[in-house]
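Close look at the chain arrangement
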Amino acid sequence: MAKGMTFIIAGPSGVGKGSVIKKVFESGRKLYFSVSATTRAPRPGERDGVDYHFISYEQFQSWIAEGAFLEHAEFVGNCYGTPKRYVDEAMDRGEDVILDIEVQGAEQIHRLRPEAVRIFLAPPSWAELRRRLTGRGTESEEKVEKRLQRSREEFQVAREYDYLVVNDNLEQAAAEVLAIIAASHCRAEDRYEAVRRTLEAQ
Ligand code: 5GP
């Protein structure tokens, strides 16, 4: 069975990565969502083990020491990381893995696994991003400003990504991500060998 592929959805905090990913999952396509670990406190409604593994700073450091992370990064005062084991197990089962991470983590994975597909999700405008971040009501004014500042820096790397999707309309953005996933599986360099073997076996 072919191994699954990794799809990185990166982009500014508040751009709607979570909402787009949720829509993509609703399409029924079989995908595995990588639940990250974080030292950030849960927001109301967030569930441990579903939205994140909420762990202490000390536990985070010991996971780093054990080599348990595929990547990890600090983001506006908190640590975030992708547990390696679950990603690899899902890929070995042939499942595609979706990662919702910020750009430093995306960069680390790109260096380790250049075949991972990087999708940058951009806001339709900075004003809209500010509105979404403020509307969430979970961050202080100062944290919102920090996240906005960080967003502008993050956007500079978007041109290096494989794909750039603008989250103006949720349905449209999710449809584009699904199209990218489908197209990635048709890449000749990945498919050629399997198709050749099938053809020659006839
Ligand atoms: P939030 O605190 O809003 O849930 O997440 C803040 C940022 O951290 C978001 O851009 C989110 O995509 C990113 N993030 C979530 N999990 C991870 C992870 O495992 N690794 C990295 N590098 N970033 C993450």
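Heads up: these notes are all about the structure in this document. (Residues numbered from 1 in each chain as written. Predicted model: local features only at pLDDT ≥ 70, side-chain atom pairs only at ≥ 80, totals over all residues. Heavy atoms only, no water.)

Now for the site of the ligand. The immediate surroundings of the ligand are formed by 18 residues, with Arg40, Tyr52, Tyr80, Asp100 and Glu102 found nearest. Within the contact set of the ligand, an oxygen atom lies 2.6 Å away from a side-chain nitrogen or oxygen of Arg40. Between Asp100 and the ligand, the recorded distance is 2.5 Å, taken from a side-chain N or O atom to an oxygen atom. About the coverage of the ligand: the protein hides 96% of its 510 Å² of free accessible area. A majority-of-atoms criterion places the ligand in the largest pocket. (Near = heavy atom within 4 Å. Polar contact = N/O pair within 3.5 Å; in protein donor to acceptor, adjacent residues only side chain to side chain. Areas by Shrake-Rupley, 256 points an atom, 1.4 Å probe, with all protein chains shown as cover. 1 Å grid on protein atoms, 1.4 Å probe; cavity = no way out; pocket = protein on both sides within 12 Å on 5 of 7 lines; lining within 4 Å. Sits in = over half its atoms within 2 Å of the grid points.)

With that out of the way, let us pick up the pairing of strand β1 (residues 6-10). The two faces of a sheet get side chains in turn, since along a regular strand they alternate between them. The element β1 is extensively covered by neighbouring structure, given that five of its five residues are classed as buried. Side chains Thr6, Ile8 and Ala10 project from β1 onto one buried face, and the interleaved Phe7 and Ile9 project onto a second face that is buried too. By the bridge criterion, four bridges tie β1 to strand β7 (residues 96-100) in an arrangement that is parallel. For Ile8, the partnering residue across the bridge sits in β7 and is Leu99. As paired strands, β1 and strand β8 (residues 117-122) are joined by four bridges and run parallel to one another. Considered in β8, the bridge of Ile8 is made with Arg118. (Buried < 20%, exposed > 50% of the residue type's maximum accessible area, 1.4 Å probe, protein only. Helix = DSSP H or I, 4+ residues; strand = E, 2+ residues; numbered from the N terminus. Pairing = 2+ DSSP bridges.)

What follows covers the layout of surface pockets. Taken as a whole, the largest pocket spans an internal volume of roughly 1,100 Å³. Taken together, 38 residues form the lining of the largest pocket, with Lys17, Gly18, Arg43, Tyr52 and Asp100 sitting closest to its centre. Sorting the residues of the lining of the largest pocket by element identifies α1 (17-26), β5 (69-75), β6 (78-83), α5 (126-136) and α6 (141-155) as the ones contributing at least two each. If you tally residues by element for the lining of the largest pocket, the top one is α1, at eight residues. Partitioned by chemical class, the residues of the lining of the largest pocket number 13 nonpolar, ten polar and 15 charged. Taken as a whole, the second largest pocket spans an internal volume of roughly 590 Å³. Around the second largest pocket, the lining is made up of 23 residues, and of these Lys3, Gly4, Met5, His185 and Asp190 lie nearest the centre. Looking at the lining of the second largest pocket element by element, the count peaks at four residues for helix α8 (residues 188-200). (Points joined across faces, edges and corners; volume = space filled by probe spheres on them. Nonpolar A, V, L, I, M, F, W, Y, C, P; charged D, E, K, R; others polar.)

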